[in-house]
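Residues per chain, in single letters:
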Amino acid sequence: MRPVSAGLPDDSAYRAIILRESNLVGYWPDGSGSTAPDLSTGAHNATINGGKIGAEGVTPVSRAFYFTAGTHYLDAGDQTSLEFPANGAFTLECLVANDRIIGGTIITKQTGKSGYHFSMTAGGVIQCVRFNSGGSTQALGTIVPLKGRWYHLAYTYDGATAKVYLNGRENASTANA
């Protein structure tokens, strides 16, 4: 995982690092109109719902997504390749800047009784949950990201332990219940 200390990393360098990942199933760095193309081999193009592309709020680059409410989001559809095996390893990651600390979903996927949820609580800490019919594992961060700054957030699950990373440093870890 590459730490991000302040601001966004160089866009072309960051993109090259991400696209080298052999198991990458989705990568939506930007978009135009109502579409966010997936640059991974998965080709899960997403629909932009209510968000804007442009330099508003804390968005320091012209192509970044700017979402102002819980009803604004990217929708990549109900793709089975975006689901993870019940106890299989996976990583979710994103670059996020929040211009106000409020609760809200960052990444979510649910199919029946299984899925994952990556969010910010009302108190401003990062929360990650992996669940299936056998139970769930939650990792709750301890650091509240400062508003107006960019952060690299990651949630990993190795089949036994869920971990939250903030700028490349482990912020929470929880073993299966």
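All figures in this text were calculated on a predicted structure; none of them were measured in a lab.

Caption draft 1: Representation of the pattern of salt bridges. All chains considered together, the criterion is met by two salt bridges. Aspartate 78 is the partner of lysine 109 in a salt bridge, and the nearest nitrogen-oxygen pair spans 2.4 Å. Here the residue lysine 109 occupies a position in strand β7 (residues 104–111), and aspartate 78 occupies one in the loop between β5 (73–75) and β6 (90–97), the gap between them amounting to 31 residues. Accessibility expressed as a relative area gives 9% for lysine 109, which makes it buried. For aspartate 78, a relative accessible area of 57% corresponds to the exposed category. The salt bridge partner of lysine 163 is glutamate 170, with a shortest N-O separation of 3.7 Å. Judged by relative accessible area, which is 24%, lysine 163 ranks as partly exposed.

Caption draft 2: Quick peek at the nonpolar core. One finds Phe118, Ile126, Leu153 and Tyr155 to be the most contacted residues of the largest nonpolar core, which totals 23 residues. Elements represented by at least two residues in this core include exactly β2 (46–49), β6, β8 (114–120), β9 (126–132), β11 (150–157) and β12 (161–166). Considering every element that reaches this core, the biggest residue donor is β11, with four residues. For phenylalanine 118, the contacting residues outside a window of four places in its chain are Leu92, Cys94, Thr105, Ile106, Ile107, Ile126, Gln127, Cys128, Leu153, Ala154 and Tyr155.

Caption draft 3: Representation of the confidence of the model for the chain. Looking at the chain as a whole, its pLDDT mean stands at 75, while 80% of the residues score no less than 70. In the model of the chain, strand β3 (residues 52–53) stands out as the element of lowest mean pLDDT, 65, in contrast to strand β13 (residues 169–175), which has the highest, 90. Within the model, the stretch residues 1–9 combines pLDDT values under 50 with 21 contacts to residues more than four positions away or in other chains.

Caption draft 4: Broad picture of unusual backbone geometry. The backbone of alanine 43 shows a phi angle near 55 degrees, a positive value even though the residue is not glycine. Take alanine 43: it is sitting in the loop between β1 (35–36) and β2. Of note, asparagine 167 is a non-glycine position whose phi angle comes to about 55 degrees, a positive value.

Caption draft 5: Region of interest: the packing of aromatic side chains. Scanning the model with the defined rule gives four aromatic pairs in all. Judged by centre distance (5.8 Å) and plane angle (40 degrees), the ring pair of phenylalanine 90 and tyrosine 116 falls under tilted. Note that phenylalanine 90 is positioned in strand β6 and tyrosine 116 in strand β8, a separation of 26 residues in sequence. Look at phenylalanine 90 and you get buried, because its relative accessible area is 6%. When the ring of phenylalanine 90 is compared with that of tyrosine 155, the centres are 5.7 Å apart and the planes differ by 85 degrees; the resulting orientation is edge-to-face. Taken together, the positions of phenylalanine 90 in strand β6 and tyrosine 155 in strand β11 put the pair 65 residues apart, joining distant regions of the chain.

Caption draft 6: Region of the structure containing the sheet that holds β9. An order of β7-β8-β9-β10 is seen for the four strands of this open sheet, with the pairing classed as antiparallel. In the strand order of this sheet, the two ends are held by β7 and β10 (135–140), each with one partner. Direction aside, neighbouring strands of the sheet carry axes that sit 5 degrees apart on average. Sheet topology note: the β8/β9 ladder contains six bridges and is antiparallel. What sits directly across from histidine 117, in β9, is valine 129.

Caption draft 7: The arrangement of the side chain of serine 119 in detail. Among the secondary structure elements, serine 119 is positioned in strand β8. Taking the relative accessible area as the measure of exposure, serine 119 reaches 4% and is therefore buried. Excluding its chain neighbours within four sequence positions, the residues that come into contact with serine 119 are Gly104, Thr105, Ile106, Val125, Ile126 and Gln127.

Cut-offs and rules
Residues numbered from 1 in each chain as written. Predicted model: local features only at pLDDT ≥ 70, side-chain atom pairs only at ≥ 80, totals over all residues. Heavy atoms only, no water. Salt bridge = Lys/Arg side-chain N within 4 Å of Asp/Glu carboxyl O. Helix = DSSP H or I, 4+ residues; strand = E, 2+ residues; numbered from the N terminus. Buried < 20%, exposed > 50% of the residue type's maximum accessible area, 1.4 Å probe, protein only. Core = buried A, V, L, I, M, F, W, Y, C linked by side-chain atoms within 4.5 Å. Contact = heavy atoms within 4.5 Å. pLDDT = per-residue confidence, 0-100. Phe/Tyr/Trp six-rings, centres within 6.5 Å; stacked < 30°, edge-to-face > 60°. Pairing = 2+ DSSP bridges. Axes fitted to C-alpha atoms, helices over the stretch in contact; angles between N-to-C directions.

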